[in-house]
Every structure is written in structure tokens, then in C-alpha cells.
Protein chains: 2
Amino acid sequence: MMKITKKTEYALIALKYMQSLESGSVANTTELSERHSIPRELLAKAMQQMARSGFIQTVSGAKGGYKINSDFTQISMDSFLEIMEGPLSLVICTEEHDCPIQESCNISKPLNTINAKMKLFFSNISLAEITS
Amino acid sequence: MMKITKKTEYALIALKYMQSLESGSVANTTELSERHSIPRELLAKAMQQMARSGFIQTVSGAKGGYKINSDFTQISMDSFLEIMEGPLSLVICTEEHDCPIQESCNISKPLNTINAKMKLFFSNISLAEITS
DNA sequence: TATAAATCGGACTAATTTAGTCCGCGTTTA
DNA sequence: TAAACGCGGACTAAATTAGTCCGATTTATA
Ligand code: FES
Ligand code: FES
């Protein structure tokens, strides 16, 4: 359990590789996928999502691809995971309020406390710890 | 993401309720499931798993059920989750060694470091924090 | 001693989530 | 204008999770 999804893993792999390139240089999805033996189309989704979120910049057209955003390493793992995979929460009632059994649920409060601590834990880990 | 499974949630709900009972008293699955509006058969699986793991004790036969094990609160959330849901790991290569892309994977080491920290985080949370 | 109430655990189905693919579109280079 | 690239929606496939069913065993009790 507690697995990150493949999409997120691929995103991290790409980020790490891009960071090893000369600053300002452009990497494209095909190259990234071949170099790391990961499915191109799925990686493409991850790249697009990161671009939308401002972690990387799109360079469109032929010879295009993505450039890394210089300050991305300051992003916390908490934010990164939430953007790539949605809210970090141990139970649904952390996010929504329509937990079907919440009335009779006796562990909602303590779990939400632990959840907050867990988020804090991940917010203290920067992407730089992974990609540098 | 990072959700615990329903089975684990049901297990915790049952534990918490059982702890509120007079010590030594027996609770059965039907009662627990009705009281908390959770699927009986699925809860039953959770109870059986906890019994096998020694968190609770089976009282078999008619008028049977489960008794809580006095020292269960000392269990860490890390152990509990691993027993209920398997290894806590952000990526498969934490558990096994046959990660298909591990050769070309550039983030395996840092993720494993973070994973170890995460396990430490959960090992510092006791079940008592949830069920007391 | 028969019956009912309970756990046990395997096998099964259904639902949900994750993984991966396909394709038509817009943009830019050459 | 053709080729190389990202965009994003729609789709299928695979895997995991949730939930159900049932036959077997144990025990209390009528
Ligand atoms: S209803 Fe959300 S933890 Fe139980
Ligand atoms: S192969 Fe395990 S993290 Fe990439």
C-alpha cells in the first residue's frame, strides 16, 4: 500500500533526467520514454499535467518538448503528489463530507489528525530530495 | 491517494468499539457490523485477519466472537497497516527486486530513503492514538 | 443429542481505480 | 507543405479493492 501511481513515478523520472541536462535545454516525450523504457503515451499525460501545473514549460511545435522550471525543486512532495494524484488522505472523510458511514464512525477524528501529520511530513520533503 | 482500505477502516472501527467495552467481554461480527452499518462479511474478513495476527482473540462457537487483546494499543500503525494491507512502500522496488525498469530508473534510491522515513513516521504512531 | 449461533476460509462476483492506447487537432520548424 | 512535436478527449485493458456466498467446524443451550 501507499504506492504512488506509475504516472507520478514517470513524472519524477522525467524531472530528474531533465534536471541533469544543461539548463534551458528541451527534452521531448519520445526521447524521455525511450531513454527510460516507459510507455510514451502515459508519460505524455504526466508531462502535460506537469506543464499545466507550472512545474515545467511547454515548447510547442517541431523540435519542441519541455523545459524544466528553475524553481521546481522548491515544490514540496505534498503539493506534487496532490497535483498529480489528488488529495493525500487516509480516508475519504478527509476530503469530502459525504462519507456514508460517518455518523456511526468512531475513528474519523483521530484519523484526520494523523492525516494532517502525514501531510506535514510530506510537505517537509522537497522534490529536490528526489531529483537532485 | 494514500487511502487505507475499507477492510482496514472497518478493523479500526471494530477495535475502537471493542476497547470501549468492559474488559474481557466478547463482541461478535454481526453486532459490530450492525452497530456501525458496515458490511458484515467484509468486516468478518478483517476480524479473522486480526485474530490470526494476534491483535484480538477468537471465542468460537455460539455466543462467541472476539475479545480484544489487552496490549494491542502498543502496536504501531506501521505494523498494523503492513499486516492488514501489506508492505508500506511508495514504489514496488522497495519490496521486491524485480522492478521491470529498475535498470534505467533514476529515482529508486531517493524514493527508498523517503520510504524509510515514511515507515518511521508511521511506526511512531500507536494504535492507541486512533482507538483511545 | 439436536439445533442454533458463531467463526473460518476459500471461491466467487462486482465495482473502482490505475495503466496504457488511439486518434484527430493545433503549432512550429525546416 | 510536410514532418515533428504537444494537447486532450475517449477509449480499452489490467489490477486492485469491495463485497458476497457457502460449506465446514466449534460450542452453548434447550
Ligand atoms: S467515516 Fe471517515 S473515517 Fe470513518
Ligand atoms: S524502478 Fe523502482 S522507483 Fe523506479
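Reading the values: the criteria
Residues numbered from 1 in each chain as written. Chains lettered and ligands numbered in written order. Predicted model: local features only at pLDDT ≥ 70, side-chain atom pairs only at ≥ 80, totals over all residues. Heavy atoms only, no water. Salt bridge = Lys/Arg side-chain N within 4 Å of Asp/Glu carboxyl O. Helix = DSSP H or I, 4+ residues; strand = E, 2+ residues; numbered from the N terminus. Buried < 20%, exposed > 50% of the residue type's maximum accessible area, 1.4 Å probe, protein only. Least-squares fit on C-alpha atoms with pLDDT ≥ 70 in both. Contact = heavy atoms within 4.5 Å. Near = heavy atom within 4 Å. Polar contact = N/O pair within 3.5 Å; in protein donor to acceptor, adjacent residues only side chain to side chain. Nonpolar A, V, L, I, M, F, W, Y, C, P; charged D, E, K, R; others polar. pLDDT = per-residue confidence, 0-100.

Caption draft 1: Quick peek at the pattern of salt bridges. Residues and elements named next belong to chain A. Per the stated rule, a full pass over the model turns up 8 salt bridges over all chains. In this structure, E41 engages R40 in a salt bridge whose closest nitrogen and oxygen atoms are separated by 3.1 Å. Across the pair K119 and E82 runs a salt bridge whose closest N-O atoms are separated by 3.1 Å. Highlighted residues: K119 in helix α5 (residues 108-123) and E82 in helix α4 (residues 77-85), separated in sequence by 37 residues. A residue is classified by how much of its surface remains accessible, and K119, at 27% relative accessible area, is partly exposed.

Caption draft 2: How the structure looks around the relation of the copies chain A and chain B. If you rotate chain A by 180° and push it 0.0 Å along the axis, it lands on chain B with an RMSD of 0.0 Å. Between the two chains, the operation in question is that of a two-fold axis. Every residue of chain A has its C-alpha some distance from the rotation axis, and the shortest such distance is that of M2(A), at 2.5 Å. The residues that chain A uses at the interface reappear at the interface of chain B in 100% of cases, marking a shared surface.

Caption draft 3: Focus on the protein's contact with DNA strand C. Contacts to DNA strand C come from 23 residues, most closely from T5(A), K45(B), R52(B), T58(B) and Y66(B). Among all atoms of DNA strand C positioned within 4 Å of the protein, those belonging to sugar or phosphate total 62%. One of the backbone N or O atoms of A62(B) is found 3.5 Å from a base nitrogen in DNA strand C. Among the secondary structure elements, those contributing two or more residues to the surface near DNA strand C are α1 (6-20) and α3 (40-52) of chain A together with α3 (40-52) and β2 (65-68) of chain B. Top contributing element to the surface near DNA strand C by residue count: α3(B), with 4 residues. Broken down by class, the residue content of the surface near DNA strand C amounts to 6 nonpolar, 10 polar and 7 charged.

Caption draft 4: Molecular detail of the confidence of the model for chain A. Here chain A shows a mean pLDDT of 93. Residues at 70 or above account for 97%. Within chain A, the element-level pLDDT minimum falls on helix α6 (residues 128-131) of chain A, averaging 93, and the maximum on α3(A), averaging 98.

Caption draft 5: Spatial organisation of the side chain of T8(B). For T8(B), the position within the fold is in helix α1 (residues 6-20). If we skip the residues at most four places from it in the chain, T8(B) touches F80(B), L81(B), M84(B) and E85(B).

Caption draft 6: Focus on the protein's contact with DNA strand D. Around DNA strand D, a shell composed of 23 residues is seen, among which T29(A), K45(A), T58(A), Y66(A) and T5(B) lie nearest. The contact atoms of DNA strand D, taken as those within 4 Å of the protein, divide so that sugar and phosphate hold 65%. In the environment of DNA strand D, a phosphate oxygen lies 2.9 Å from a nitrogen or oxygen atom belonging to the side chain of R52(A). Within the side chain of E41(B), a nitrogen or oxygen atom sits 3.3 Å from a base nitrogen of DNA strand D. Ranked by the residues each element gives to the surface near DNA strand D, the list is headed by α3(A), at 4 residues.

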